[in-house]
Amino acid sequence: MATVNVTSWTEFVQAVGISGDTVVLPSKGEWDMNELYPEGYTGIISMRCSQINGNDTKIKNLHLFGYFVKNSNITINDLEMTNFVVEPGGTNLSVFIGFSQLNLHNCIFSGLCGSSVSNFSYGYLNLDRVSMNINFTTSGNAFGIFPVNEAKYSRIKQSIPNAIITDTFVRFGACKFCELDIYMPQLAAGKFNASDLSACKLLGGYGDATFYYNSASQAREFPSIYLTDALPDAVDGQYMRGVTRDQMRDAAYLASIGFPIGV
């Protein structure tokens with residue numbers, strides 16, 4: 001188990017493949033993948049390390065013909081990956097980062113997943129102070145970033161306009177103090193599991209979706225709010241309150257219904 005400092009993309013790809021190591025990127029580095037691989041990077045990137053410390057490095061403009069695959073739990077801290085495009089190409093895995101638990105802390109991910117990509121990650125996805133903005137173009141039965149196991153103090157934006165989701169739930173998991181701007185207009189009624197949201201704000205568009213509440217879930221500390229335009233068929237619950245756009249901008253009103261906001 002070693003700590004390995006890397007200074008280039010080539011060193012990074014090699015280092016993350018070593019089991020159990022901690023990989024440290026340069027402080028506030030910037031890797032423009034358009035300059036390094038103007039025709040895109042092709043390959044499956046194996047991630048066997050236990051931790052990546054990004055040191056606020058920015059990896060931008062990665063056009064990946066392949067995917068990241070992790071065989072064990074991994075934590076990524078302080079890393080920005082922006083303006084990426086992911087196309088698995090000839091592989092049979094429809095994912096950006098595959099398998100096992102992925103923990104993201106103080107990270108930014110934004111980009112586009114091509115038509116053959118149905119998931120951002122397989123396994124448990126845990127987010128802490130993460131900003132995520134990902135568009136999916138697939139028209140299959142896809143979930144994008146879901147299921148999210150746990151999220152806190154994060155802003156999550158996803159657009160997946162063409163996917164038709166009918167056979168299971170979209171689940172946020174234990175999610176608190178997050179802004180969730182999700183556009184999934186093909187989501188079917190009863191397929192939004194909102195059992196474990198606390199102090200969250202829901203924006204976007206969820207089609208005909210209605211809330212599903214797990215009767216075994218625990219009481220939440222604070223109610224969450226959702227934009228009624230985004231979920232026109234949803235029904236309020238004890239911990240879920242529908243608000244109009246004007247009400248969402250009214251701090252005094254939100255405080256009056258128990259939503260934690262300064263007035």
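Right above here is the structure, for reference.
Residues numbered from 1 in each chain as written. Predicted model: local features only at pLDDT ≥ 70, side-chain atom pairs only at ≥ 80, totals over all residues. Heavy atoms only, no water.

Chemist: So what about the packing of aromatic side chains? Which residues, and what values?
Modeler: With the rule as written, the count across this model stands at eleven aromatic pairs. Ring geometry for Phe-12 and Trp-31: centres 6.1 Å apart, planes at 65 degrees, overall edge-to-face. On the criterion of sequence distance, the pair formed by Phe-12 in helix H1 (residues 9–15) and Trp-31 in strand S3 (residues 30–32) is long-range, its members being 19 residues apart. As far as burial versus exposure is concerned, Phe-12 and Trp-31 are alike and both buried. Ring geometry for Phe-96 and Phe-120: centres 5.5 Å apart, planes at 65 degrees, overall edge-to-face. Placement of Phe-96 in strand S8 (residues 95–98) and of Phe-120 in strand S11 (residues 119–121) is noted, with a sequence separation of 24 residues between them. Note on Phe-96: relative accessible area 0%, which makes it buried. In this structure Phe-120 comes out as buried when scored by relative accessible area, which is 0%. Grouping aromatic residues by their ring pairs yields a cluster made of Trp-9, Phe-12, Trp-31, Tyr-37 and Tyr-41. (Phe/Tyr/Trp six-rings, centres within 6.5 Å; stacked < 30°, edge-to-face > 60°. Helix = DSSP H or I, 4+ residues; strand = E, 2+ residues; numbered from the N terminus. Buried < 20%, exposed > 50% of the residue type's maximum accessible area, 1.4 Å probe, protein only.)

Chemist: Talk me through the nonpolar core; I want residue IDs and the actual numbers.
Modeler: Counting residues in hydrophobic clusters, the biggest one holds 78 residues, and the most contacted among them are Leu-104 and Phe-120. By residue number, the principal contributor to this core is strand S7 (residues 74–86), which donates six residues. Residues contacting Leu-104, with those up to four places away along its chain left out, are Ile-76, Phe-109, Phe-120, Leu-125, Asn-126, Leu-127, Asp-128, Val-130 and Met-132. (Core = buried A, V, L, I, M, F, W, Y, C linked by side-chain atoms within 4.5 Å. Contact = heavy atoms within 4.5 Å.)

Chemist: Could you give an account of the side chain of Ser-198, with specific residues and numbers?
Modeler: Relative to the helices and strands, Ser-198 is located in strand S20 (residues 197–198). Other than its neighbours up to four places away in sequence, Ser-198 contacts Cys-175, Lys-176, Phe-177, Arg-220, Glu-221, Phe-222 and Ser-224.

Chemist: Which residues make up the sheet that holds strand S19 (residues 192–193), and what values go with them?
Modeler: Pairing is parallel across the open sheet formed by three strands, whose spatial order is S16-S19-S22. For this open sheet the edge positions go to strand S16 (170–171) and strand S22 (211–212), each flanked by a neighbour on one side alone. Relative to S22, S19 runs parallel, the two sharing two bridges. Bridge pairing in S22 links Asn-193 to Tyr-212. (Pairing = 2+ DSSP bridges.)

Chemist: Break down the pairing of strand S15 (residues 155–159) for me, citing the residues and quoting the values.
Modeler: Two elements, strand S13 (residues 131–136) and S15, share five bridges in a ladder whose sense is parallel. By the bridge assignment, Ile-134 is partnered in S15 with Gln-158. Here S15 pairs with strand S18 (residues 179–183) via five bridges, running parallel. Looking across to S18, one finds that Arg-155 is bridged to Glu-179.

Honestly, it's all geometry; don't read function into it.
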